[in-house]
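An overview of the molecular structure
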Amino acid sequence: MSAPRTVLHVCGGLGLGGTEKAMQLLAAALDPGRYRPVVHAFADGPRRAQLTALGIPVHVGPDLLRTAERTTPDIIHLHRAGWPEPRLLRSVALAGAAAVVETNVFGRYDPSPRAAVIDRHLFVSAFCLRRYAAVHGVDVSGPRHRVLYNPVDTAAFAACPGPTPGAPPVVGRVSRADPGKWSALALEFLPRLLARVPGVEYRIIGGTRQAREWTAARGLGAQVRFMEPVADDAALAEFFSGLGVLAHANDTGETFGMVIAEAMAAGLPVVTHPCPGLRDNAQLELVEHGVTGLVAATPEAYAAALVRLLTDPALARRMGQAGRAKARALFDTRVVAARLMDIYDELPARAAGIPRRPQPFENRHAQPRRPSLRALHG
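Residues numbered from 1 in each chain as written. Predicted model: local features only at pLDDT ≥ 70, side-chain atom pairs only at ≥ 80, totals over all residues. Heavy atoms only, no water.

It is at 8 Å that the axes of helix α6 (residues 185–196) and helix α11 (residues 299–310) come closest, and there the two elements cross at 55°. Classified by the angle their axes make, α6 and α11 are oblique. Where α6 crosses over α11, the two elements pack in a sense that is right-handed. Of the residues in α11, those touching α6 at Leu 185, Glu 188, Phe 189, Arg 192, Leu 193 and Arg 196 are Pro 299, Glu 300, Tyr 302, Ala 303, Ala 304, Leu 306, Val 307 and Leu 310. Class assignment for the residues of the contact of α6 with α11 results in 10 nonpolar, no polar and 4 charged. (Axes fitted to C-alpha atoms, helices over the stretch in contact; angles between N-to-C directions. Helix = DSSP H or I, 4+ residues; strand = E, 2+ residues; numbered from the N terminus. Parallel < 35°, antiparallel > 145°, perpendicular 65-115°, else oblique. Left-handed = near helix turned anticlockwise from the far one by under 90°. Contact = heavy atoms within 4.5 Å. Nonpolar A, V, L, I, M, F, W, Y, C, P; charged D, E, K, R; others polar.)

This is the structure in structure tokens:
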């Protein structure tokens, strides 16, 4: 039996964001008989302790080549935005791994010669892959480009009981406390909702200063509860357990939507909205209107969607169950990790310690063409 191949996962930092979380879940789920995970990050963060507790070696610092020399990876797996990073890719090429994989988190495009070192480009949603192809004229029909959804620990959310029967209705929202993760829609629906469901409570994790000021200026402090960020899935599951609906609104949209997928795993219906033009819209890939939740584009329609779910428990339960089934089928960590290992299995192995030579650049990409919005939005 051959020794497990070493996979060096490389990311910018070790914070609590979705990119780092997905990297950790995938690294921890690899079959140890086939693949040995190691992590290199350029900046430290709270996720380092979690990775170390799982027995995954972690290296932090600016020198990726030094980590590669210590660990001699067979595969380097980059978790990055996708845009040109010549210094990073130069280090990757010099590291001499047999193969390089990229999780392209934001669906950005790298036309540089150094990008030829990447053997597989993985996109976190079908929307991102379609937009990448349409905007940049890239042929994504072959095995070099794949969709690999972000993983969700669905078991961590399986026991969420949902709201107590007869309890006041509760809507929840989760994001970073970052204006870039917000939308005016996330607040403007509230007065309209309160007019039709007076006792509703709105619980927010990641409230911005602007959101707090907006709420206070309208005298809505009694109806809105701003809560502290959560550090792990157990605390997030506890938060979800008190909700009837997850309200998602983010003007930039989502390339995947980790919180949406986790709420679905918890059995919650989700209300979200479309983003115009070429903005991220993977939230519409996760939330199927009328199946796993509702999609609404205006404050009036958004409030009406929430009213519909809060006042029809059977409908909310049916959509929540559909969302949970979808999360288990498509996003469960074991499912996603198995697909990733299948992709790794396709890649060449290191040949008797001989370092891999950087690939010559080939002009694989056609001229950019005008994107089709119909193609992007499915």
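Turning to the pattern of salt bridges, a few remarks are in order. Pairing is possible between side chains that carry opposite charge, provided their charged atoms lie close to one another. Per the counting criterion, the structure on display carries 17 salt bridges. Close ionic contact of Glu 213 with Arg 209 constitutes a salt bridge, the shortest N to O distance being 3.0 Å. Placement of the pair is Glu 213 and Arg 209 together in helix α7 (residues 209–217), with a separation of 4 residues, close to one helical turn. Using a relative accessible area of 43% as the deciding quantity, one classes Glu 213 as partly exposed. Taking the shortest distance from any N to any O, the salt bridge between Arg 334 and Asp 332 comes out at 3.1 Å. What makes Arg 334 exposed here is its relative accessible area of 65%. Through salt bridges with shared partners, one network takes in Arg 80, Glu 85, Glu 102 and Asp 110. (Salt bridge = Lys/Arg side-chain N within 4 Å of Asp/Glu carboxyl O. Buried < 20%, exposed > 50% of the residue type's maximum accessible area, 1.4 Å probe, protein only.)

The next subject is the pairing of strand β9 (residues 201–205). Successive side chains on a regular strand alternate, one facing one side of the sheet and the next facing the other. Of all the 5 residues making up β9, 4 are buried; the element is thus mostly covered by neighbouring parts of the structure. Note: strand β8 (residues 170–174) against β9, 5 bridges, orientation parallel. Pairing of Arg 173 across the sheet is with Ile 204, part of β9. Regarding topology, α6 serves as the crossover connection from β8 to the parallel β9, and that connection is right-handed. Bridging between β9 and strand β10 (residues 224–227) involves 4 bridges; their strand directions are parallel. Paired with Arg 203 across the strands is Arg 225, a residue of β10. Handedness of the β9-α7-β10 crossover: right-handed. (Pairing = 2+ DSSP bridges. Right-handed = clockwise from strand over helix to strand, strands pointing away.)

This prediction gives the chain a mean pLDDT of 92; 91% of its residues lie at or above 70. Here residues 357–378 is modelled with pLDDT under 50, and outside its nearest four sequence neighbours on either side it reaches 44 contacts, counting other chains as well. (pLDDT = per-residue confidence, 0-100.)

Next up on the list: the sheet that holds strand β1 (residues 5–11). Read from one edge of the open sheet, 7 strands run β3-β2-β1-β4-β5-β6-β7, paired in parallel fashion. At either end of the open sheet lies a strand with only one pairing partner, and these are β3 (58–60) and β7 (145–147). Going from strand to strand, the sheet's axes swing by 20° on average, the running direction of each strand aside. Those strands touched by helix α3 (residues 64–71) are β1, β2 (35–41) and β3, and its axis lies near 165° from that of β1. With respect to the sheet, helix α4 (residues 86–95) is in contact with β1, β4 (75–80) and β5 (99–104), its orientation differing from that of β4 by roughly 170°.

What follows is about empty space enclosed by the protein. Under the definition given, this model contains 3 cavities of 30 Å³ or more. The calculated volume of the second largest cavity comes to roughly 50 Å³. Lining the second largest cavity are Ala 22, Leu 26, His 79, Thr 103, Val 124, Leu 148, Tyr 149, Asn 150 and Pro 151. In terms of residue class, the lining of the second largest cavity is made up of 6 nonpolar, 3 polar and no charged. (1 Å grid on protein atoms, 1.4 Å probe; cavity = no way out; pocket = protein on both sides within 12 Å on 5 of 7 lines; lining within 4 Å. Points joined across faces, edges and corners; volume = space filled by probe spheres on them.)

So, about the sheet that holds strand β11 (residues 245–247). Taking strand neighbours across the sheet as the criterion, the 6 strands line up as β10-β9-β8-β11-β12-β13 in an open arrangement whose pairing is parallel. Lying at the two open borders of the sheet, with one neighbouring strand each, are β10 and β13 (293–295). Geometrically, the sheet is characterised by an average inter-axis angle of 20° between neighbouring strands, direction not taken into account. Looking at chain direction, β8 and β11 are connected through 2 bridges and run parallel. In the strand pairing of β11, Val 171 is matched with Val 245. The sheet strands contacting α6 are β8, β9 and β10, and the helix crosses β9 at an angle near 165°.

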